[in-house]
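Each chain, letter by letter, is given below.
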Amino acid sequence: METLEAIHTRQSIRKYTDRPVPRELVTELLRAAMSAPSAVNAQPWIFIVIDDRKLLDEIPTFSPFAGMCREAPLAILVCGDITLEKAPGYWVQDCSAATQNLLLAAHDAGLGAVWTGIYPMKDRIEGFRKNFDLPENVIPLALVPVGYPGQKPVSQDRFDKTKIYRNKYGQRRE
């Protein structure tokens, strides 16, 4: 799949088959995530691969919009380790870029995935911190359930020229 095709056709997938995702493929997803840019090349990300059925089933009890974990064969928890930052405060952007790479790599590999937000919701942060033994310096940003798609959503063109300005706000691009 070409890069632009992956970007334009990627969709959030919330339903999965029960087919397991091979470990080698998970490694490739993580390799793609870790290829993201980061401020001062700090790479402050930490990833927790969750494939324990009991843990996956428990996640929606403290992360209310992650109900799809109950059928996903695995999820990847994307966290920032603030002790690894070289540019304080940029861990959110760094880990967001890694999450986007992860989503695109999953799509390219024929997998489905969805970004479920954690940060900055304090209750979700604490739920993940408690259930995954995260130390204070490791902050969960996003959870990405992953699996073989059990649905086929239609891609939509999200381009909106009304959101584009030239040089200054208020000056239309055209």
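Scroll up to find the structure this text is about.
Report follows, based on the coordinates.

Section: unusual backbone geometry
Each neighbour pair has its own omega, and for Y119 with P120 the value is 10°, a cis peptide bond. Turning to its location among the elements, P120 is positioned in the loop between β4 (116–117) and α5 (122–131). Positive phi values are uncommon outside glycine, yet N41 reaches one of about 50°. Inspection of the secondary structure puts N41 in the loop between α2 (23–33) and β1 (45–50). Its relative accessible area of 52% is what places N41 among the exposed residues. Although it is not a glycine, Q43 sits at a positive phi angle of roughly 50°. Locating Q43 in the fold gives a position in the loop between α2 and β1. Of the residues examined, Q43 reaches a relative accessible area of 34% and is grouped as partly exposed.

Description of the nonpolar core
Counting residues in each nonpolar core, the largest one holds 26 residues, and the members touching the most others are L29, F47, I76, L102, L111 and V146. Taken together, the elements giving at least two residues each to this core come down to α2, β1, β2 (74–81), α4 (91–108) and β5 (138–147). The element that contributes the greatest number of residues to this core is α4, accounting for 7 residues. In this structure, V146 is in contact with Y16, V21, L29, A72, P73, L74, A75, L111, G112 and A113, ignoring residues within four places of it in sequence. I59, A66, F132 and V138 belong to the second-largest nonpolar core, a separate cluster that totals 21 residues.

With respect to α5
Think of an α-helix as turning once every 3.6 residues; residues three or four places apart then point the same way. Buried within α5 are the following residues: R124, I125, G127, F128 and R129. Next to the buried residues of α5 lie β2, β4 and β5. One or two residues past the end of α5 sits D133, with phi positive at roughly 55°.

A closer look at the packing of aromatic side chains
As enumerated under the stated definition, the model contains 4 aromatic pairs in all. Ring geometry for W91 versus Y119: centroids 4.9 Å apart, planes at 75°, classification edge-to-face. Of the two residues, W91 sits in helix α4 while Y119 sits in the loop between β4 and α5, which places them 28 residues apart along the sequence. The buried category is assigned to W91, whose relative accessible area is 5%. If you follow R19 out to its NZ or CZ, it ends over the ring of Y148, 3.7 Å from the centre.

Rules used throughout
- Residues numbered from 1 in each chain as written.
- Predicted model: local features only at pLDDT ≥ 70, side-chain atom pairs only at ≥ 80, totals over all residues.
- Heavy atoms only, no water.
- Helix = DSSP H or I, 4+ residues; strand = E, 2+ residues; numbered from the N terminus.
- Buried < 20%, exposed > 50% of the residue type's maximum accessible area, 1.4 Å probe, protein only.
- Core = buried A, V, L, I, M, F, W, Y, C linked by side-chain atoms within 4.5 Å.
- Contact = heavy atoms within 4.5 Å.
- Phe/Tyr/Trp six-rings, centres within 6.5 Å; stacked < 30°, edge-to-face > 60°.
- Lys NZ or Arg CZ within 6 Å of the ring centre and 35° of its normal.

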